[in-house]
Each structure stands twice: as structure tokens, then as C-alpha cells.
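For reference, the chains in residue letters:
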Amino acid sequence: MQPNLFSKIKGYITIELRGERLEELINLAVATRLVLWDIRIIKEQLAEVNLSISDFYRLRPLLKKTGCRLHILHRYGLPFFLDKLGKRKFFVAGVFFFLAGLFLLTSLVWKVEVEGNEKLMTVEILEKAKQLGIYEYQWKFRLKNQEDLARELHNQLPGAAWIGVQVEGTHIRIKVVESASPEEREPMNPRHLVATKNAVVTQILAEKGKPVVQPNQYVREGDVLISGWIGNEANQQTVVSQGQVKGLVWYTSTIETPLVRKYKTYSGNSFKRFYLVFGNRALQLTGYGHKYEASESASSRKTLQWRNYGLPVGWLNEKVREVHLLEEPLEKEAAREIGLERARADLLQEAGKESKIIAEKILKEQEENGKLVMEVHFEVEENIAVEQPIVTVPPEEAAPDQEPGSGPGPVS
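Residues numbered from 1 in each chain as written. Predicted model: local features only at pLDDT ≥ 70, side-chain atom pairs only at ≥ 80, totals over all residues. Heavy atoms only, no water.

### Topic: the sheet that holds strand 7 (residues 171-178)
Part 1 of the argument: Spatial strand order, 5-7-6: 3 strands in an open sheet with mixed pairing. Each edge of the open sheet is held by one strand with a lone partner, namely strand 5 (111-115) and strand 6 (160-168). Taking the axes of each pair of neighbouring strands and ignoring which way they run, one obtains an average angle of 15° across the sheet.
Part 2 of the argument: Looking at chain direction, strand 5 and strand 7 are connected through 5 bridges and run parallel. Counterpart to Glu113 in the pairing with strand 7 is Arg173.
Part 3 of the argument: Across the sheet, helix 6 (residues 122-131) is in contact with strand 5 and strand 7; its angle to strand 5 comes to roughly 130°. (Pairing = 2+ DSSP bridges. Helix = DSSP H or I, 4+ residues; strand = E, 2+ residues; numbered from the N terminus. Axes fitted to C-alpha atoms, helices over the stretch in contact; angles between N-to-C directions. Contact = heavy atoms within 4.5 Å.)

### Looking at the sheet that holds strand 9 (residues 199-208)
Part 1 of the argument: Strand order in the open sheet made by the 5 strands is 11-9-15-21-20, with antiparallel pairing throughout. Edge positions in the sheet fall to strand 11 (218-219) and strand 20 (356-368), since each of these pairs with one other strand and no more.
Part 2 of the argument: Where strand 15 (residues 242-258) lies against strand 21 (residues 371-383), 13 bridges are found, and the strand directions are antiparallel. Bridging across to strand 21, Thr254 finds its partner in Glu375.
Part 3 of the argument: Together, strand 15, strand 20 and strand 21 form the strand contacts of helix 8 (residues 332-351), whose direction differs from that of strand 21 by roughly 35°.

### Description of the nonpolar core
A general tendency of soluble globular proteins is for nonpolar side chains to be buried together.
Part 1 of the argument: Grouped together as the largest cluster of nonpolar side chains are 26 residues, with contacts concentrated most on Val219, Leu225, Val245, Phe378 and Ile384.
Part 2 of the argument: Looking at this core, the elements with two or more residues in it are strand 8 (191-195), strand 9, strand 12 (224-227), strand 15, helix 8 and strand 21. (Core = buried A, V, L, I, M, F, W, Y, C linked by side-chain atoms within 4.5 Å. Buried < 20%, exposed > 50% of the residue type's maximum accessible area, 1.4 Å probe, protein only.)

### Digging into a nonpolar patch on the surface
Part 1 of the argument: A cluster of nonpolar side chains, contributed by Ile9, Leu78, Phe81 and Leu82, occupies part of the molecular surface with about 380 Å² of accessible area.
Part 2 of the argument: Ranked by residues supplied to the nonpolar patch, first place goes to helix 4 (residues 78-87) with 3 residues.
Part 3 of the argument: Mapping Phe81 onto the fold places it in helix 4.
Part 4 of the argument: Of the residues examined, Phe81 reaches a relative accessible area of 46% and is grouped as partly exposed. (Patch = residues over 30% accessible without salt bridge, like charges linked within 9 Å, V, L, I, M, F, W, Y side chains within 5 Å. Areas by Shrake-Rupley, 256 points an atom, 1.4 Å probe, with all protein chains shown as cover. Salt bridge = Lys/Arg side-chain N within 4 Å of Asp/Glu carboxyl O.)

### Section: the packing of aromatic side chains
Part 1 of the argument: All told, the structure shown has 6 aromatic pairs when counted by the stated rule.
Part 2 of the argument: Here the aromatic rings of Trp139 and Phe141 are separated by 5.7 Å at their centres, their planes lie at 25°, and the arrangement is stacked.
Part 3 of the argument: The class of Trp139 is partly exposed, set by a relative accessible area of 29%.
Part 4 of the argument: Residue classification places Phe141 among the exposed residues on the basis of a relative accessible area of 63%.
Part 5 of the argument: An aromatic cluster is built from Tyr12, Trp37 and Tyr76, whose rings are joined through pairwise contacts.
Part 6 of the argument: Positioned above the aromatic ring of Tyr266, the side-chain terminus of Arg321 is 4.2 Å from the ring centre. (Phe/Tyr/Trp six-rings, centres within 6.5 Å; stacked < 30°, edge-to-face > 60°. Lys NZ or Arg CZ within 6 Å of the ring centre and 35° of its normal.)

### Here we look at helix 3 (residues 53-66)
Part 1 of the argument: With 14 residues, helix 3 should reach 20 Å at 1.5 Å per residue; the first-to-last C-alpha distance of 21 Å fits that figure.
Part 2 of the argument: The sharpest bend along helix 3 comes to roughly 30°, located at Leu59, with the proline Pro61 sitting one to four residues further on.
Part 3 of the argument: Residues Asp55, Phe56, Leu59, Leu62, Leu63 and Thr66 constitute the buried set of helix 3.
Part 4 of the argument: Where the residues of helix 3 are buried, they touch strand 1 (12-18), helix 2 (22-31), strand 3 (46-52) and strand 4 (69-76).
Part 5 of the argument: Two residues or fewer past helix 3, Gly67 is found with a positive phi of approximately 75°. (Expected span 1.5 Å × (residues − 1). Bend = angle between axes of the 7 residues up to and from the residue.)

### Things to note about the side chain of Thr66
Part 1 of the argument: Tracing the backbone through its elements, the reader meets Thr66 in helix 3.
Part 2 of the argument: Owing to a relative accessible area of 5%, Thr66 belongs among the buried residues under this scheme.
Part 3 of the argument: With residues up to four places along the chain from it excluded, the contact list for Thr66 reads Arg21, Glu24, Leu25 and Leu28.

### Digging into the confidence of the model for the protein chain
Part 1 of the argument: In the predicted model, the protein chain carries a mean pLDDT of 83, and the fraction of residues at 70 or more is 89%.
Part 2 of the argument: Least confident of the elements in the protein chain is helix 1 (residues 5-10), whose mean pLDDT is 68; most confident is strand 11, at 94.
Part 3 of the argument: Low pLDDT (under 50) marks residues 398-412, which in the prediction has 15 contacts with non-local residues, meaning those over four places away or in another chain. (pLDDT = per-residue confidence, 0-100.)

### Let's talk about the environment of Pro215
Part 1 of the argument: Note on placement: Pro215 falls in the loop between strand 10 (210-211) and strand 11.
Part 2 of the argument: For Pro215, a relative accessible area of 39% gives the class partly exposed.
Part 3 of the argument: A C-alpha to C-alpha distance of 8.5 Å links Pro215 and Gly247, two positions 32 residues apart in sequence.

### Some thoughts on unusual backbone geometry
Apart from glycine, the bulk of residues carry a negative phi angle, and the bulk of peptide bonds sit in the trans form.
Part 1 of the argument: Non-glycine residue Gln45 carries a positive phi angle of around 70°.
Part 2 of the argument: With respect to the helices, strands and loops of the structure, Gln45 is situated in the loop between strand 2 (36-43) and strand 3.
Part 3 of the argument: In this structure, Tyr137 takes a positive phi of about 70° despite not being glycine.
Part 4 of the argument: Mapping Tyr137 onto the fold places it in the loop between helix 6 and helix 7 (146-156).

### Structural notes on the pairing of strand 1
Part 1 of the argument: Of all 7 residues making up strand 1, 6 are buried, and the element is well covered by its neighbours.
Part 2 of the argument: The pairing of strand 1 with strand 4 spans 7 bridges and is classified as antiparallel. Of the residues in strand 4, the one forming a bridge with Arg18 is Arg69.
Part 3 of the argument: The pairing of strand 1 with strand 3 spans 7 bridges and is antiparallel. Note that in strand 3 the partner of Tyr12 across the bridge is Ser52.

Written as C-alpha cells, this is what we have:
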């Protein structure tokens with residue numbers, strides 16, 4: 001029969017019995033109510049049996065009576081395990097210190113994070129939290145209730161609408177929701193809208209102010225487009241000009257496109273590396289001896305958890321895959337289209353929103369050092385108006401040789 005849990009706790013042994021009166025010995029043991037189990041007759045005058053520790057001492061008188069001998073083969077149960085531990089004092093001490101260290105490590109705050117803040121400085125939030133006892137290497141049992149900490153921290157940060165303090169294992173996460181305040185608008189002085197570039201006006205929409213240019217009119221950089229002076233000569237006043245003026249602007253771009261396309265493929269070969277992680281440090285255990293001419297890797301990290309506590313110990317698996325870098329010749333037409341597409345995207349990003357390319361023309365094209373070099377002329381419609389504070393005298397007081405609304409823009 002199999003030993004039950006009670007037998008394992010009390011302890012039992014497996015013994016070997018020898019003697020000519022072996023059968024008589026077993027009968028006497030059963031008659032005196034000794035509990036024997038798993039009786040195995042190995043050969044004549046030799047058997048193996050299991051019995052408890054208490055019955056082992058009661059068996060001795062029967063051995064003397066029958067002239068049999070015994071030999072202890074195995075010892076099982078808690079008493080023998082404790083006896084072994086008593087002989088291994090350094091091992092027991094090591095286990096004790098390990099458990100004590102593990103408890104201490106999980107009782108400390110290892111990291112404090114702040115989330116959700118944009119206007120409030122992280123340093124300021126951490127400083128206020130430190131005054132409440134929330135900082136790295138603090139004992140967790142010394143912290144107040146999470147709701148109390150959140151309320152006190154909120155009282156010290158008037159710019160926050162809500163603050164939450166969340167303890168996750170050895171980490172503390174401070175979540176911040178900032179107060180929504182109306183955007184402060186800078187008081188605007190009277191101003192013109194002037195041209196930012198030399199262009200031909202295509203569209204003008206004046207919300208405030210007086211338009212001084214017309215569609216299809218050529219303007220230079222700095223020329224006034226919508227004047228901040230309104231009214232007649234007898235009754236003039238200044239306003240903040242508002243509106244939109246679009247114009248055609250010309251750009252010449254030099255574009256270089258390689259005639260060889262480079263790309264990578266996976267060979268299917270790979271190997272793995274395994275690391276033990278202690279805080280921010282990692283110790284590589286496997287994956288030595290492998291090396292590819294070109295490769296890329298992907299890793300996944302696991303952190304040990306004890307209940308709801310995250311420990312600063314874990315492991316990292318890294319998979320390294322071999323890649324081949326290949327080159328493919330590119331047709332001239334394809335290279336031209338790739339270069340033009342990239343140039344269009346860069347140009348529209350520089351010109352700003354609502355801009356669009358009206359026309360384009362390749363002025364020059366040639367191959368140099370494995371590249372297709374092009375010089376391309378673009379015609380772009382974009383917003384050309386920018387604000388300029390009014391610092392000059394009214395139009396009627398301007399010099400006779402200066403027309404109202406004209407600026408001192410450079411001559412192109």
C-alpha cells in the first residue's frame with residue numbers, strides 16, 4: 001500500500017530482514033499488532049518491509065527472540081528531513097537569508113512614475129510626493145493609505161484637477177489629470193498682412209482690414225497684402241488685419257535618386273539568447289558562439305511576481321534572425337518617379353497646409369555616380385500672408401513717392 005500523509009509526517013523506514021526464522025518473525029510482528037506494509041520476499045530468508053519509527057523500536061525484542069537481523073535501507077518523512085537540515089546549518093541559514101532578503105526587497109519602493117502631466121513639471125510632482133513619503137527605497141509599510149496620499153498630494157498641486165496614487169508591487173504610479181484653463185490670448189496690436197515670398201496672387205479673402213492687391217498681381221516679399229488702416233482720410237483707424245491670401249510661388253529643387261534599390265530578406269536561420277535580469281543589468285547565459293554578418297533581433301522580458309508584487313529580478317529572451325541585404329537595379333523611369341514623389345512630399349510639408357502643386361517641369365536630368373540627378377521647377381499655390389505690426393505713419397502722411405500700402409520689399 002502507499003504511505004498516507006500521516007505516515008509521512010510521523011516518518012517511516014524501509015528495512016531488510018534476514019534469518020532462518022524469518023516467517024516466524026513476521027507472524028510474531030503481526031500478532032503483537034506491529035503495522036508492516038509492502039512486505040516483499042526477495043528470496044529465501046530475505047525480505048523487505050516498511051514500518052513506522054515507533055514500531056521499529058518495538059521490533060527489536062522480536063529480532064532477539066527469532067535470531068533474525070535487520071538492515072535499514074531507506075528513511076522517509078518529516079523527522080528525517082528535519083534531521084538532515086540540522087546537519088546542514090549553512091544551507092538552512094542560506095534559505096533563511098534568501099527568504100528574508102526576498103521579503104525586504106518586496107517591501108521597498110523601487111520606482112516612482114508620473115503619468116498624464118503636461119503643464120505640471122514631473123520634478124515638482126516628485127518633490128511634493130517626497131514630502132509625503134513617496135520616494136524610491138521607501139518602506140511600503142510606512143506609506144499612508146493610497147486615498148489619503150492622493151488627497152494630500154492633490155491639495156499641494158493646485159494645477160491638478162485629479163490625482164491618483166496606485167501601488168503596483170514595488171512600483172508607485174502617480175496619475176495626474178490637469179485642470180483645463182482657458183487659453184491666454186496675447187493682446188494683438190494693429191497689424192498688416194504682408195507677403196512672405198515673391199508670388200503672383202491667386203486668391204484674397206479679407207476678414208478684417210483693407211485689401212490692397214488683386215488676383216493675378218505680382219507681389220514681392222514684404223509687400224502689404226491686407227492693410228490694417230481702414231476708413232477715409234477724414235476718419236481713419238487701425239485694426240488687426242485678418243484673412244487669407246494665396247499665391248503662386250516658384251521653387252527649383254535638385255533631386256538625387258539612387259539607381260540601385262536596397263532591401264533585406266530573412267534567410268530563416270535564427271538563434272536565441274537568454275539573459276538573467278537584475279534591475280537594469282542583464283547577464284547573458286546562452287547564445288554564445290553565433291554570429292551573422294547582418295541580423296536583427298526581437299526581445300521579450302519577464303519579471304518575477306510574488307502575489308501582486310513585482311520583483312526587480314527576471315529574465316529576457318532574445319531572438320536573433322539572420323538577414324540578407326540585397327540590391328536591385330532600378331529603371332530610370334522608376335527612379336525618376338520615386339525622386340519626384342519624395343520632392344513633392346517635402347515641398348508640400350515646407351509650404352504648409354492647404355498648399356498644392358500646380359505645375360512641375362524637369363529642367364535637367366543626368367546620371368552621376370550611380371544616381372539620377374534632376375533639377376526640377378515647381379509651381380506651388382500656398383498661403384503667402386503673415387502678420388506684421390503697424391509701426392509706420394498713416395497712408396495719407398506717407399512720402400509723396402511712396403504709394404499707400406506698399407512695403408519696402410526687396411526687388412527680385
